[in-house]
Amino acid sequence: MARFFARSAAALLACLALVLLLPAQAGAAPRFAAYVIDARTGEVLHEENANLQLYPASLTKLMTLYLTFRALDKGDLTLDTRLAVSSYAASQSPTKLGLPTGSRIRVEDAVLGLVTQSANDASVVLAEAIGGSESRFTRMMTQQARALGMSRTNFSSTNGLPDPDNVSTAHDMAVLARALITDYPQYYPYFATKNFRYRGRNFPNHNRLMQSYAGMDGMKTGYIRAAGYNLVASAVRGRTRLIGVIFGGTSPIMRNAKMAELLDEAFESHEGTGAYVAEAPAAATPRVASSPFSPPRPDRRPDTLDEPLLAAAEGEGDAEDDGAVGSDGIGAMIAMHAASRPRAQKVAFEPVPSALADVPLPKPRPLRRHR
C-alpha cells in the first residue's frame, strides 16, 4: 500500500510539473524576426517582430565596419595601415583569423576578415585602433547607432560574442545596412567577397546565399546559441535593391530558405527604385556621432582582468558554437558574463547630446509602408 501511494504521489507531481511547464513554454518570448525594405526608398515590404530586441551576434560587426569606413573616409586610417594585435585581440574565441600577439595586420585584411570569416580577433584589432579600447569603441558604436536612428540598439561588444547588453532589432539592422550602402558605397563591394586568402589559408564567406541566390552581393551572417542564426542580406535585380534581415533562424538552411522566400516575394510584388551600388550617386554626407573624447593613443590593455572573453563563438554551425552557454543561452550567459568580465559602460537608450555630435542628429527618417 505504501508503495502504491508513493507511486501515485510521484505520478501526481510529474503531471503537476508538466502543467506548470507548458504555459511557460507557450509564453516564451519569441526570438524570430524578419524585415525587408527597399534600399533606395526605405519602403517596408515585410515585417515580423521588427522592433523586438534580440541578440545580433556577429551582425554587430556591421557597426564595427561602419566606423572603420568612417575612419578611412576621414583619413584617420588607410587600407594599408598596419595595426598591432594586442594579447586581448589575439585571445578572442573563434571564429577568427588566428592573429598572433604582437603581429600586425593591414586594415584592408582586417575588413576582409570580418566580411568573410567573421573574425572576432580582427574586429577587436580595429576597435582598439580606432577607439583606444574595446569599451570606448562600443560607446562610439552606440552613439553612432543613435545618429542613424537605431533607437533600440545597444552595443557592448565589437564582435557580437555573448553579452546580455548587446542587443538590436531587425529594423535597426536594416537601418544600419542601408547606411553602409548609401554612406560608404565605395566600400560596399567588400561585402561581395566570396573568398579571402590570408597567410596561406582560405576563408570562404559564411553567407552561402551569395553563391545560390541571383543578385545577392552582401552582407553579414551571425550566430550564437542565444540568438539563433541571423542574417542581413542585400540583393539587386534590375534597378531594385532590397535589404533583408532575419533574426533567430533555427539553422543556416532554414534561415537562408526563409531569406530567399522573403526576397523573392518582395521582388515579385514591388516595383522599386533602388539601384546597383555602382550606379548610385556619390556618398551622402555620413550621419556621424562623435565620441565624447578625442581618439586617444591606442590602449592595448584588455578591458577584462586576467580572464578571456566568454568561451563561446560565432560560426555557421561549426564546432565552435557556444555550447557552454546552454540550450537557450540567456540565463547562463548573464551569469557567465557577470563572472568573466566587468560590465561595459551601457549607454542609455536616448539621443546623444548634440554637443557631442559632429553634426546635428537627424530625426529617424520615416519608412513608407508597402500597400
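Here, the structure is the one placed above.
Let me begin by describing the structure that accompanies this report. (Residues numbered from 1 in each chain as written. Predicted model: local features only at pLDDT ≥ 70, side-chain atom pairs only at ≥ 80, totals over all residues. Heavy atoms only, no water.)

1. A word on the packing of helix α2 (residues 61-74) against helix α4 (residues 107-116)
1) Next: It is the contact of α2 with α4, at a shortest axis distance of 11 Å, that shows an interaxial angle of 160 degrees. One way to sum up the angle between α2 and α4 is to call them roughly antiparallel. Crossing hand, α2 versus α4: left-handed. Note on element contacts: α4 touches α2 through Val-107, Val-111, Leu-114 and Val-115, opposite Lys-61, Thr-64, Leu-65, Thr-68, Phe-69 and Leu-72.
2) Next: Grouping the amino acids of the contact of α2 with α4 by side-chain chemistry returns seven nonpolar, two polar and one charged. (Axes fitted to C-alpha atoms, helices over the stretch in contact; angles between N-to-C directions. Helix = DSSP H or I, 4+ residues; strand = E, 2+ residues; numbered from the N terminus. Parallel < 35°, antiparallel > 145°, perpendicular 65-115°, else oblique. Left-handed = near helix turned anticlockwise from the far one by under 90°. Contact = heavy atoms within 4.5 Å. Nonpolar A, V, L, I, M, F, W, Y, C, P; charged D, E, K, R; others polar.)

2. Structural notes on the pairing of strand β2 (residues 44-48)
1) Next: Pairing geometry for strand β1 (residues 33-38) and β2, over four bridges, is antiparallel. Across the sheet, Tyr-35 pairs through a bridge with Glu-47, a residue of β2.
2) Next: The antiparallel hairpin formed by β1 and β2 contains five residues in its connecting segment, where Gly-42 sits at a positive phi of about 80 degrees. (Pairing = 2+ DSSP bridges.)

3. Examining the environment of Ala-226
1) Next: Assignment of secondary structure puts Ala-226 in the loop between β7 (216-224) and β8 (228-237).
2) Next: A relative accessible area of 5% means that Ala-226 is categorised as buried.
3) Next: Taking the C-alpha atoms as reference, Ala-226 lies 7.9 Å from Pro-162; in sequence the two are 64 residues apart. (Buried < 20%, exposed > 50% of the residue type's maximum accessible area, 1.4 Å probe, protein only.)

4. What to know about the pairing of β7
1) Next: Where burial is concerned, most of β7 is hidden: nine out of the nine residues are buried.
2) Next: Note that β7 and β8 share eight bridges and pair antiparallel. For Gly-218, the partnering residue across the bridge sits in β8 and is Ser-234.
3) Next: Hairpin geometry of β7 and β8 is characterised by an intervening segment of three residues between the two adjacent antiparallel strands.

5. Some thoughts on the packing of α2 against helix α5 (residues 120-131)
1) Next: One way to put it is that α2 packs onto α5 with a least axis distance of 10 Å and a crossing angle of 40 degrees. The angle between the axes of α2 and α5 places the two elements in the oblique class. Relative to α5, α2 is oriented so that their crossing is left-handed. Of α5, the residues touching α2 (which contributes Lys-61, Thr-64, Leu-67, Thr-68 and Ala-71) are Asn-120, Ser-123, Leu-126 and Ile-130.
2) Next: Tallied by class, residues from the contact of α2 with α5 come to four nonpolar, four polar and one charged.

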